[in-house]
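Fold and contact review
The primary structure of each chain is shown beneath.
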Amino acid sequence: MNVIQTEEGILLQDIEHFHPGHIFECGQAFRWNWDGTGYTGVVQNKVLRIFQRGRHVLLQDASLEDYHILWKHYFDLDKDYGLIKKSLSRDRILAKAMEYGWGIRILNQDPFETLISFIISSNNGIKRIKGIIENLSKRFGEKISWKGREVFRFPKAESLAAASIEDLLSCGCGYRAPYVKKTASMVADGKLDLDRLKKCQYEEAFELLLTCSGVGPKVADCVLLFSLEKGEAFPIDVWIKRIMVALYFGREVSAKELKAFAAERFGPLAGIAQQYLFYYARERKIGQKKQRDG
DNA sequence: AAACAGGAACCAC
DNA sequence: GTGGTTCCTGTT
């Protein structure tokens, strides 16, 4: 891959293992929206439009400086996905899954945003999750002017900690409103140091995350995988459970058994394996109760 | 319009 | 530590 600056922005020339659609539609991020030609997203204080251009990817209007201090890490461009795929392709099922979702990457997102987003995700579908996060950002996040439009950052911990339950309810949080407020307070008060979790081992970070209100095993694993660089995290929700039952087990299994299976079979690559399987199964409609039209 | 989808809290045991 | 029930709201 070559990184070159053009009049349009940063062009990632001949980039491999990268496809915006795969990256943003596998359930790891909630603030990227498809508009027919590209995706637009809000990350920290930046708004980015990203396009696939044949073998290249364009980060529209991005500067070289932003690429180096933000996007490179955000899109996990230091990691060798060729190597990851080579290792995982010994598993025949994953080999197929990786053919489908060849452009998936695990994003390195902001830990606080990821924590709150996945608390909201519990007992919710992606569409509604996105709506709630947008509402929270509009109400409690800082405004960014972008191309004459108003866009809002994801709120700071302090802002959500100070929010009233009533306001959180009006954003659509439902019964998760107190979870959001309590967990935001823990972060704002320094009782939970998210930066420190990055340096912790998986197990310790997992246990610490479970002390947050609204955070159980699934949410903790999502935060660990999508924002704290813990590749061994294997989030188990109803979807991945159905998929694994359909593709690997052929019988009902407990979450505990699934987690052990993933750890043994995929080890430190369990998280990325999960993403490939999730995307593949959703595209192929494997393991779903009802078949939807596409 | 009643039923359903979706993780974690909470309370029994 | 396991099992059953409840939480909220948009969709069908």
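Residues numbered from 1 in each chain as written. Chains lettered and ligands numbered in written order. Predicted model: local features only at pLDDT ≥ 70, side-chain atom pairs only at ≥ 80, totals over all residues. Heavy atoms only, no water.

Every one of the 19 residues lining DNA strand B counts as a neighbour, but Asn-123, Tyr-175, Gly-214, Trp-239 and Arg-242 are closest to it. In the environment of DNA strand B, a base nitrogen lies 2.7 Å from a nitrogen or oxygen atom belonging to the side chain of Tyr-175. Among the secondary structure elements, those contributing two or more residues to the surface near DNA strand B are helix H12 (217-227) and helix H13 (238-249). Its residues assigned to classes, the surface near DNA strand B comprises eight nonpolar, six polar and five charged. (Near = heavy atom within 4 Å. Polar contact = N/O pair within 3.5 Å; in protein donor to acceptor, adjacent residues only side chain to side chain. Helix = DSSP H or I, 4+ residues; strand = E, 2+ residues; numbered from the N terminus. Nonpolar A, V, L, I, M, F, W, Y, C, P; charged D, E, K, R; others polar.)

Attention now goes to the pattern of salt bridges. The final tally for this structure, using the stated rule, is 14 salt bridges. A salt bridge links Arg-49 to Asp-35; the nearest nitrogen and oxygen atoms lie 2.2 Å apart. One end of the pair, Arg-49, is in strand E5 (residues 46-53); the other, Asp-35, is in the loop between strand E3 (32-34) and strand E4 (39-43), with 14 residues separating them in the sequence. The exposure class of Arg-49 is buried, given its relative accessible area of 15%. By relative accessible area, which is 43% here, Asp-35 ends up partly exposed. (Salt bridge = Lys/Arg side-chain N within 4 Å of Asp/Glu carboxyl O. Buried < 20%, exposed > 50% of the residue type's maximum accessible area, 1.4 Å probe, protein only.)

Attention shifts here to the nonpolar core. Most often, soluble globular proteins have nonpolar side chains that are buried together. Ranked by size, the top nonpolar core spans 76 residues in total, and within it Leu-88, Leu-115, Leu-160, Leu-209, Met-244 and Phe-266 carry the most contacts. In terms of residues, this core owes the most to one element, helix H15 (residues 270-284), which gives nine residues. When residues no more than four places from it in sequence are discounted, the contact partners of Leu-88 are Leu-94, Met-98, Phe-266, Leu-269, Ile-272, Ala-273 and Tyr-276. If you look at the next biggest cluster of nonpolar residues, it comprises 22 residues, including Leu-12, Ile-50, Tyr-74 and Leu-107. (Core = buried A, V, L, I, M, F, W, Y, C linked by side-chain atoms within 4.5 Å. Contact = heavy atoms within 4.5 Å.)

For the coordinates displayed, the defined rule picks out 21 aromatic pairs. Plain terms: the ring middles of Trp-71 and Tyr-74 are 5.8 Å apart, the flat faces sit at 90° to each other, and that makes the pair edge-to-face. Note that Trp-71 and Tyr-74 are positioned in helix H2 (residues 64-74) at a spacing of three residues, about one turn of the helix. Overall, the relative accessible area of 1% leaves Trp-71 in the buried class. Using a relative accessible area of 5% as the deciding quantity, one classes Tyr-74 as buried. Taken together, Phe-18, Phe-24, Trp-32, Trp-34, Tyr-39, Trp-71, Tyr-74 and Phe-75 form an aromatic cluster joined through their ring pairs. Over the face of the ring belonging to Phe-206 we find Lys-259, whose NZ or CZ atom lies 4.1 Å from the ring centre. (Phe/Tyr/Trp six-rings, centres within 6.5 Å; stacked < 30°, edge-to-face > 60°. Lys NZ or Arg CZ within 6 Å of the ring centre and 35° of its normal.)

Okay, the protein's contact with DNA strand C next. Close contacts around DNA strand C come from Asn-123, Lys-127, Arg-128, Gly-174 and Tyr-175, and that covers them all. The sugar and phosphate moieties of DNA strand C supply 76% of its atoms located within 4 Å of the protein. Within the side chain of Lys-127, one N or O atom sits 3.2 Å away from a phosphate oxygen of DNA strand C. Separating a sugar or linking oxygen of DNA strand C from a backbone N or O atom of Tyr-175 is a distance of 3.5 Å. Of the residues in the surface near DNA strand C, the class split is one nonpolar, two polar and two charged.

In this section: the environment of Leu-59. Tracing the backbone through its elements, the reader meets Leu-59 in strand E6 (residues 56-60). Using a relative accessible area of 0% as the deciding quantity, one classes Leu-59 as buried. In sequence terms Leu-59 and Gln-274 are 215 residues apart; their C-alpha atoms lie 27 Å from each other.

Now for the sheet that holds strand E1 (residues 2-6). With antiparallel pairing, six strands are arranged side by side in an open sheet as E1-E2-E6-E5-E4-E3. Where the open sheet ends on each side, the last strands, each with one partner, are E1 and E3. Across the sheet, the mean angle from the axis of one strand to that of its neighbour is 20°, orientation sign disregarded. Docked against the sheet, H2 engages E1, strand E2 (9-13), E3, E4, E5 and E6, running at close to 75° with respect to E5. (Pairing = 2+ DSSP bridges. Axes fitted to C-alpha atoms, helices over the stretch in contact; angles between N-to-C directions.)

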